[in-house]
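Secondary and tertiary structure notes
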Number of protein chains: 2
Amino acid sequence: MTTQPGSGTLRSRRIARSRQRLVETALPAFTERGYEAVTVDWLCDQAEVSKRSFFRYFDGKEDLALTPLNDVWRLLIADLDTVLDRSGPLLEVLGEALVAVVEQMPPGWERLAVLSARLSGTTPAVDAAGLLVCEGFTDQVVGAITQRLPGSSGAELSARVVCAVAVAGHRAAVDAWQSEPGAETTATRGELCALLRESFAAAPAALEIRLP
Amino acid sequence: MTTQPGSGTLRSRRIARSRQRLVETALPAFTERGYEAVTVDWLCDQAEVSKRSFFRYFDGKEDLALTPLNDVWRLLIADLDTVLDRSGPLLEVLGEALVAVVEQMPPGWERLAVLSARLSGTTPAVDAAGLLVCEGFTDQVVGAITQRLPGSSGAELSARVVCAVAVAGHRAAVDAWQSEPGAETTATRGELCALLRESFAAAPAALEIRLP
DNA sequence: ATGCCAAGTGCCACTGAGTGCCAGTTTGGT
DNA sequence: ACCAAACTGGCACTCAGTGGCACTTGGCAT
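How each quantity is defined
- Residues numbered from 1 in each chain as written.
- Chains lettered and ligands numbered in written order.
- Predicted model: local features only at pLDDT ≥ 70, side-chain atom pairs only at ≥ 80, totals over all residues.
- Heavy atoms only, no water.
- Helix = DSSP H or I, 4+ residues; strand = E, 2+ residues; numbered from the N terminus.
- Buried < 20%, exposed > 50% of the residue type's maximum accessible area, 1.4 Å probe, protein only.
- Contact = heavy atoms within 4.5 Å.
- Areas by Shrake-Rupley, 256 points an atom, 1.4 Å probe, with all protein chains shown as cover.
- Lys, Arg positive; Asp, Glu negative; His and termini not counted.
- Charge placed at Lys NZ, Arg CZ, Asp CG, Glu CD.
- Near = heavy atom within 4 Å.
- Polar contact = N/O pair within 3.5 Å; in protein donor to acceptor, adjacent residues only side chain to side chain.
- Least-squares fit on C-alpha atoms with pLDDT ≥ 70 in both.
- pLDDT = per-residue confidence, 0-100.
- Buried area = accessible area lost by both parts, 1.4 Å probe.
- Salt bridge = Lys/Arg side-chain N within 4 Å of Asp/Glu carboxyl O.
- Nonpolar A, V, L, I, M, F, W, Y, C, P; charged D, E, K, R; others polar.
- Pairing = 2+ DSSP bridges.
- Axes fitted to C-alpha atoms, helices over the stretch in contact; angles between N-to-C directions.
- Parallel < 35°, antiparallel > 145°, perpendicular 65-115°, else oblique.
- Left-handed = near helix turned anticlockwise from the far one by under 90°.
- Core = buried A, V, L, I, M, F, W, Y, C linked by side-chain atoms within 4.5 Å.
- Phe/Tyr/Trp six-rings, centres within 6.5 Å; stacked < 30°, edge-to-face > 60°.

1. Remarks on the overall build of chain A
A count of helical and extended segments in chain A gives 12 helices and 2 strands. For chain A, the sequential pattern of α-helices and β-strands runs α-α-α-α-α-α-β-α-α-α-α-α-α-β. Expressed as lengths along the three principal axes of its C-alpha atoms, the size of chain A is roughly 55 × 45 × 25 Å. Of all 212 residues assigned to chain A, the portion counted as buried reaches 52%. Pairs at least 24 apart in sequence give 69% of the contacts found in chain A among residues at least 6 apart. Counting every atom, chain A has about 9,800 Å² of accessible surface; 52% of that belongs to carbon and sulfur. Distance from the positive charge centre (21 side chains) to the negative charge centre (27 side chains) of chain A: 8 Å.

And the structure:
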């Protein structure tokens with residue numbers, strides 16, 4: 001997690017710092033020397049964490065690489081119950097919640113998030129792990145929706161479709177954001193939020209697209 | 001590939017037979033003894049293929065596990081140019097093409113496809129690989145669409161969204177198909193096609209879903 | 001038929017991710 | 001100060017996947 005230190009017990013702060021150190025070491029290294037050229041062993045050396053602990057802190061190398069981006073989804077999942085208490089079109093609700101979560105990420109988040117996004121576009125293994133996290137998000141939403149709208153036939157499929165659109169919108173926005181010139185130094189979360197809103201606003205009409 | 005032998009050169013038929021033997025050995029073994037309990041070495045032993053060749057035939061263990069399902073997407077991608085020559089709503093065109101591809105899979109396909117689908121629901125690593133293949137499909141469609149509809153602003157996002165919906169529809173259909181009681185012996189591709197049509201027909205309305 | 005060549009193959013050693021185990025060390029509560 | 005539970009490090013291990021290289025073999029031109 002990209003958690004700012006200072007909260008929780010001593011122990012959990014130590015863990016947060018170790019994680020942070022690993023992410024901070026890893027993402028630039030991945031970018032400069034290539035994802036597979038950087039080994040977990042080397043990273044553990046650098047960050048002074050044992051390999052064993054590494055795998056306690058992260059689900060794997062891909063999870064590490066995706067930490068900044070995954071944190072967004074994880075936070076959104078954690079807030080799901082609150083989010084779904086709102087009313088209105090599900091797609092809009094999810095879109096606004098996504099923007100809200102991005103806005104509350106800790107300062108400095110964008111620097112690492114850009115690297116994470118690029119990596120995801122470059123390295124299939126990382127991309128796949130990202131898709132899996134989004135799939136987990138979908139499952140959560142589907143579960144929550146079928147619980148809230150019991151009996152309404154087709155609610156499950158609807159939830160699935162809406163989540164798929166939300167994920168696609170998010171991916172498109174992040175992709176555009178990350179590929180802006182000079183993004184590694186100047187990309188702001190404000191820009192990302194704008195792109196997200198754009199994608200989500202355009203999505204409903206997108207289904208209409210026809211071949212001539 | 002789930003290719004029926006008899007076509008191509010002697011050499012390519014040998015390869016096809018080896019692949020087939022591996023798939024035929026692997027999927028039941030994965031199902032009975034668990035995905036990670038079955039090692040690639042053991043499979044190579046059983047199918048009398050060297051490990052080196054295994055990795056020439058498949059992109060990896062996950063690719064092997066997903067062969068029946070992936071073949072559908074690969075075939076669809078191969079036919080993309082023909083498919084996109086049709087006119088009408090993109091989502092419908094893709095849906096019909098998907099059904100058509102399923103219908104032309106070789107006989108006996110469903111038996112292995114069911115196993116593949118279950119595995120994908122059980123084993124995250126397999127699921128992730130499947131998502132990646134779908135992502136590849138999306139990229140192909142997006143490429144083809146932006147080439148065919150140049151200048152139309154937002155075509156890329158639209159294509160992305162439609163593909164996301166198509167993939168979600170496919171997943172929902174396969175999921176329902178695979179979990180029917182007794183699917184391992186009685187699931188027919190006719191049933192799958194019906195489910196696919198259902199999902200695709202219901203998808204456009206799904207975006208409207210609202211929270212109360 | 002023959003013989004050449006590139007594509008395909010088997011084997012072996014190697015790397016690197018990820019896990020099981022277990023004995024030691026914090027740390028929070030009492 | 002003490003204890004149980006949570007956490008840690010280190011080590012050996014498994015297994016997926018790759019590189020390298022000598023060897024076979026199917027396809028083809030002659």
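2. What about the protein's contact with DNA strand D?
Close to DNA strand D lie 19 residues, the nearest being S53, R56 and Y57 of chain A together with T9 and K61 of chain B. Protein-proximal atoms of DNA strand D, defined as those within 4 Å of the protein, fall in sugar or phosphate at a share of 53%. Between DNA strand D and S53 of chain A there is a distance of 2.3 Å, counted from a phosphate oxygen to a side-chain nitrogen or oxygen. In the environment of DNA strand D, a base oxygen lies 3.0 Å from a nitrogen or oxygen atom belonging to the side chain of R52 of chain B.

3. Quick notes on the relation of the copies chain B and chain A
The two copies are related by a screw motion: chain B maps onto chain A through a turn of 180° and a shift of 0.0 Å along the axis, at an RMSD of 0.1 Å. Viewed as a symmetry operation, the transformation between the two copies matches a two-fold axis. Of the residues that chain B buries at the interface, 100% are likewise interface residues in chain A, meaning the two copies contact each other through the same surface.

4. Thoughts on the confidence of the model for chain A
Here chain A averages 93 in pLDDT, and 96% of its residues register 70 or above. Predicted confidence for residues 1-6 of chain A stays below pLDDT 50, and this span has 14 contacts to residues more than four positions away or in other chains.

5. With respect to unusual backbone geometry
Residue and element names in this part refer to chain A. Positive phi, normally seen in glycine, also occurs at E48, with a value near 55°. Its place among the elements puts E48 in the loop between helix 2 (40-47) and helix 3 (51-57). Overall, the relative accessible area of 70% leaves E48 in the exposed class.

6. Examining the protein's contact with DNA strand C
Taken together, 20 residues are adjacent to DNA strand C, and R11 and R52 of chain A together with R52, S53 and Y57 of chain B come closest. Note that a phosphate oxygen of DNA strand C is positioned 3.0 Å from one of the backbone N or O atoms of K61 of chain A. Taken together, the elements giving at least two residues each to the surface near DNA strand C come down to helix 1 (10-33), helix 3 and helix 4 (61-65) of chain A together with helix 1 (10-33) and helix 3 (51-57) of chain B. In terms of residue count, helix 3 of chain B provides more of the surface near DNA strand C than any other element does, 4 residues in total.

7. Examining the interface of chain B and chain A
The accessible area lost on association of the parts is a frequent measure of interface size. The interface is formed by 36 residues belonging to chain B together with 36 residues belonging to chain A. The junction of chain B with chain A conceals about 3,400 Å² of combined surface from both sides, 78% of it contributed by carbon and sulfur atoms. On the chain B side of the contact with chain A, L207, I209 and L211 of chain B bury the most area, a combined 23% of that side's loss. If you look at where chain B meets chain A, you find 2 salt bridges. As a salt-bridge pair, R171 of chain A and E135 of chain B come within 3.2 Å of each other at their nearest N and O atoms. On inspection of chain B and its partner chain A, the count reaches 6 residue pairs in polar contact (both at pLDDT 80 or more). When contributions to the side of chain B that touches chain A are tallied by element, the ones reaching two or more residues are strand 1 (88-89), helix 7 (90-103), helix 9 (124-148), helix 10 (155-178), helix 12 (189-206) and strand 2 (210-211) of chain B. Ranked by residue count, the leading element in the side of chain B that touches chain A is helix 10 of chain B, at 11 residues. A per-class count over the side of chain B that touches chain A returns 26 nonpolar, 4 polar and 6 charged. Here strand 1 (residues 88-89) of chain A runs beside strand 2 of chain B; their pairing, made up of 2 bridges, is antiparallel.

8. Describing the packing of helix 1 of chain B against helix 8 (residues 109-122) of chain B
Residue and element names in this part refer to chain B. Packing of helix 1 against helix 8 brings their axes to within 10 Å, and their N-to-C directions diverge by 45°. Between helix 1 and helix 8, the angle falls in the class oblique. Remark: the crossing between helix 1 and helix 8 carries left-handed chirality. In this structure, helix 1 contributes V23, E24, L27, P28, F30 and T31 to the contact, and helix 8 contributes R111, L112, L115, S116 and L119. Across the contact of helix 1 with helix 8, the residue classes tally to 7 nonpolar, 2 polar and 2 charged.

9. Let's talk about the side chain of K61 of chain B
Within the secondary structure layout, K61 of chain B lies in helix 4 (residues 61-65). Apart from the residues within four sequence positions on either side, K61 of chain B is in contact with F30, Y35, E36, V38, V40 and F54 of chain B.

10. A look at the environment of G136 of chain A
Residues and elements named next belong to chain A. When you line up the elements, G136 lands in helix 9 (residues 124-148). With a relative accessible area of 27%, G136 lands in the partly exposed category. Linking G136 and A16, residues 120 residues apart in sequence, is a C-alpha distance of 23 Å.

11. Quick word on the packing of helix 5 (residues 67-78) of chain A against helix 7 (residues 90-103) of chain A
Residue and element names in this part refer to chain A. Running from N to C, helix 5 and helix 7 point in directions that differ by 120°, and their axes come no closer than 9 Å. Judged on the interaxial angle alone, helix 7 and helix 5 are oblique. Handedness of the helix 5/helix 7 crossing: right-handed. Across the interface between the two elements, V72, W73, L75 and L76 from helix 5 touch A97, L98, V101 and V102 from helix 7.

12. Some points on the nonpolar core
If you look at the biggest cluster of nonpolar residues, it comprises 153 residues, and the most contacted ones within it are F30 and I145 of chain A together with F30 and I145 of chain B. Those residues in contact with F30 of chain A that lie beyond four places of it in its chain are Y35, V38, L43, K61, L64, A65 and L119 of chain A.

13. A short note on the packing of aromatic side chains
Here the distance between the centres and the angle between the planes together describe a pair of aromatic rings. Residue and element names in this part refer to chain A. Taken as a whole and judged by the stated rule, the model has 10 aromatic pairs over all chains. When the ring of W109 is compared with that of W177, the centres are 6.1 Å apart and the planes differ by 15°; the resulting orientation is stacked. On the criterion of sequence distance, the pair formed by W109 in helix 8 (residues 109-122) and W177 in helix 10 (residues 155-178) is long-range, its members being 68 residues apart. The burial state of W109 is the same as that of W177; both residues are buried.

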